[in-house]
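Secondary and tertiary structure notes
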Amino acid sequence: MLLAIDIGNTNVVCGLSDNNHWTEEFRIHTVANKTSDEYEVIYRTLFASRNVDLDQVDRIVVSSVVPSLILPIREMIKKLFGKEPLVVGPEIYDKLNIGILNPYEIGTDLVANAVAAHNKYQGNCIVVDFGTALTFTAIKADGNLLGVSIAPGLKTAMSSLSQKTAKLPNVDIAIPPSCIGKNTTHALQAGIVMGYKGLVEYLLKEIKSELVGKTTVIATGGLSKLMLPIIESFDHHEPSLTLDGLKIIGNQFYQ
């Protein structure tokens, strides 16, 4: 059984894969100053609640965009499973089936997304990841990861707006009834959610023009499901794309 751990800025997302199929998936809040002992308690409890035997886990792959959590998560894994995990990073990129121009600048989650997208769809791909940051990762048909566009995520933008203004609250991210808000909540949702619809559609149009040729657009990330009804540019919705990429990387390295 393979355990994939994706440490993001907001959540740590984990998946258990048996016979190449996800059997369990769970997420916990990212807390950058948690110790390995605290994570051990959390993971032991999660595995016990799902009746998963720790001895069944024989491969572990970790991606992190929070550098301070790599060491405690590695220590937790060694305590729980008695194994050293495969940590995705520049040291292994030359062994993957994609080319990366600036390996020390790109997030490992975006590399995992690119691996999964290229493996599943072969041709030109754009992965739109709705996370703490909104990212657009462009992959050519030959496997070269051309680059990334980054904007604040929807929740990040909403939170920043409420923190920097005296009277605007932090409201739920939801599709408003109109682009003209009749109250503060709807006004914020119109500006953020509908504004991001325009941002996504415009950037996709421009990135596609640079890729040249048929391009598959894949939506992923926590808020991708919310945006699906209002953005017609997506060809596929892959909520577990990052974990899928980690699984592909793990299967390749543990052969």
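Fair warning: this is a prediction, and the values are worked out from it, not measured in the lab.

**Overview of unusual backbone geometry**
A positive phi is found at Asn19, a non-glycine position, where the angle reads about 55°. Tracing the backbone through its elements, the reader meets Asn19 in the loop between strand S2 (11-18) and strand S3 (21-29). With a phi close to 65°, Gln122 is a non-glycine residue in the positive phi region. Relative to the elements of secondary structure, Gln122 occurs in the loop between helix H4 (108-121) and strand S7 (124-130). We classify Gln122 as partly exposed; its relative accessible area is 46%.

**Observations regarding the layout of surface pockets**
Counted as a void, the largest pocket has a volume near 1100 Å³. Surrounding the largest pocket, 42 residues form its lining, Asp109, Asp129, Gly131, Thr132 and Ala133 being those nearest its centre. Counting residues per element, the lining of the largest pocket draws most heavily on strand S9 (residues 144-152), which supplies five residues. Of the volumes computed, that of the second largest pocket is approximately 170 Å³.

**Overview of the packing of helix H1 (residues 36-49) against helix H2 (residues 70-81)**
Viewed as axis vectors pointing N to C, H1 and H2 meet at an angle of 50°, and their least axial separation amounts to 8 Å. In terms of their interaxial angle, H1 and H2 are classed as oblique. The way H1 lies across H2 gives a crossing that is right-handed. Judged by residue contacts, Ser36, Asp37, Tyr39, Glu40, Tyr43, Arg44 and Phe47 of H1 engage Pro72, Ile73, Glu75, Met76, Lys79, Leu80 and Phe81 from H2.

**Digging into the UniProt feature "active site" (unreviewed entry) in the chain**
As recorded in UniProt, the feature "active site" (unreviewed entry) lies at Asp109. As for its placement among the helices and strands, Asp109 is situated in helix H4. Judged by its relative accessible area of 18%, Asp109 falls in the buried class.

**Some thoughts on the sheet that holds strand S1 (residues 2-7)**
Overall, mixed pairing links the five strands, which are arranged S3-S2-S1-S4-S5 in an open sheet. Taken across any chain shown, the strands that pair with only one partner, and hence form the sheet edges, are S3 and strand S5 (86-87). The pairing of S1 with strand S4 (residues 59-64) spans six bridges and is parallel. Paired with Ile7 across the bridge in S4 is Ser64.

**Section: the packing of H4 against helix H8 (residues 241-253)**
Where H4 contacts H8, the axes come no closer than 7 Å and their chain directions differ by 80°. When the axis of H4 is compared with that of H8, the two are roughly perpendicular. Mapping the contact onto sequence places Asp109, Ala112, Asn113, Val115, Ala116, Ala117, Asn119 and Lys120 in H4 and Leu241, Thr242, Asp244, Gly245, Leu246, Ile248 and Ile249 in H8. Of the residues that constitute the contact of H4 with H8, the class distribution is eight nonpolar, four polar and three charged.

**What to know about the packing of aromatic side chains**
Per the stated rule, a full pass over the model turns up four aromatic pairs. Centroid distance Phe47 to Phe81: 5.6 Å. Interplanar angle 65°. Geometry classified as edge-to-face. A residue pair is termed long-range when its members are at least 10 positions apart, and Phe47 in helix H1 and Phe81 in helix H2 qualify at 34 residues. A network of ring pairs unites the aromatic residues Phe26, Tyr43, Phe47 and Phe81 as a single cluster.

**As for helix H5 (residues 154-164)**
If you check which residues of H5 are buried, you get Leu154, Ala157, Met158 and Ser162. End-on, the buried residues of H5 take up no more than an arc of 125°, which puts them together on one face. For H5, exposure combined with an orientation more than 90 degrees from the buried face picks out Gln163 and Lys164. Where H5 is buried, its residues meet S7, S9, helix H6 (184-211) and helix H7 (224-227).

**Notes on the side chain of Gln189**
Position of Gln189 among the secondary structure elements: in helix H6. Judged by relative accessible area, which is 6%, Gln189 ranks as buried. The residues contacting Gln189, other than those within four sequence positions of it, are Met158, Val171, Asp172, Ala174, Pro176 and Met194.

Thresholds applied
Residues numbered from 1 in each chain as written. Predicted model: local features only at pLDDT ≥ 70, side-chain atom pairs only at ≥ 80, totals over all residues. Heavy atoms only, no water. Helix = DSSP H or I, 4+ residues; strand = E, 2+ residues; numbered from the N terminus. Buried < 20%, exposed > 50% of the residue type's maximum accessible area, 1.4 Å probe, protein only. 1 Å grid on protein atoms, 1.4 Å probe; cavity = no way out; pocket = protein on both sides within 12 Å on 5 of 7 lines; lining within 4 Å. Points joined across faces, edges and corners; volume = space filled by probe spheres on them. Axes fitted to C-alpha atoms, helices over the stretch in contact; angles between N-to-C directions. Parallel < 35°, antiparallel > 145°, perpendicular 65-115°, else oblique. Left-handed = near helix turned anticlockwise from the far one by under 90°. Contact = heavy atoms within 4.5 Å. UniProt positions renumbered as here; feature names shortened; annotations may be inferred. Pairing = 2+ DSSP bridges. Nonpolar A, V, L, I, M, F, W, Y, C, P; charged D, E, K, R; others polar. Phe/Tyr/Trp six-rings, centres within 6.5 Å; stacked < 30°, edge-to-face > 60°. Arc of directions from axis to C-beta.

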